[in-house]
Amino acid sequence: MRCQIERRPVARSRVSVEFEGPWFTGPLVCEQEGTTCPGGDLRLAARATLDALTTATQDALRFDLVGVKPSRAFDTNMMLVAVMVHCADESTKVLGVAVEEDNEVLATVRATLHAVNRFVSPILGPLPTTE
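Since the structure is predicted, the reported quantities are computational estimates derived from the model, not experimental observations.

(A) A look at the pairing of strand β1 (residues 2-8). Note: β1 against strand β2 (residues 12-19), seven bridges, orientation antiparallel. Pairing of Gln4 across the sheet is with Ser16, part of β2. Following β1, the chain reverses through three residues before pairing antiparallel with β2; Val10 in that reversal takes a positive phi of roughly 60 degrees.

So this is what it looks like as structure tokens:
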């Protein structure tokens, strides 16, 4: 798994996430572009991750990003991601968390994966949460 953020002209950012694994024929890259701001960049990272998972599950699962929030607990910086997962006629709100060591964007991708893992794993197998 890789992710990167690219600052663009006129206060725009592009976040791309790349996943590789046995469930893909090649690397799966998804991008999101939007207004540059700290919270906006994190939302772009989560949305790009959810787009990749929608593609990987061949639309068996759909996701709506509820929110992304940096937080601090137990003397540790962390990233919280809330997602609404839609599968068939059911919807479930889930929450993922990841420790934010030095990279908020990567922590957002990991927290997003943690949030949806129990829904995606039965379809794809365990998700990559480390680089």
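(B) Fine view of the sheet that holds β1. Spatial strand order, β1-β2-β3: three strands in an open sheet with antiparallel pairing. Both edges of this open sheet fall to β1 and β3 (28-35), since each of them pairs with a single strand only. Averaged over all pairs of adjacent strands, the angle between their axes in this sheet comes to 15 degrees, without regard to strand direction. In this sheet, β3 lies alongside β2 in antiparallel orientation, the contact comprising eight bridges. Bridged to Phe19 within β3 is Leu28.

(C) The arrangement of the sheet that holds strand β5 (residues 76-87) in detail. The strand order across the open sheet built from three strands is β4-β5-β6, with neighbouring strands paired in antiparallel fashion. The open sheet has two free edges, formed respectively by β4 (61-73) and β6 (90-99), since each of these has just one partner strand. With strand direction ignored, the average angle separating the axes of adjacent strands in the sheet is 15 degrees. With ten bridges connecting them, β5 and β6 associate as antiparallel partners.

What counts, and where the lines are drawn
- Residues numbered from 1 in each chain as written.
- Predicted model: local features only at pLDDT ≥ 70, side-chain atom pairs only at ≥ 80, totals over all residues.
- Heavy atoms only, no water.
- Pairing = 2+ DSSP bridges.
- Helix = DSSP H or I, 4+ residues; strand = E, 2+ residues; numbered from the N terminus.
- Axes fitted to C-alpha atoms, helices over the stretch in contact; angles between N-to-C directions.

Purely geometric stuff here, so don't read any function into it on its own.
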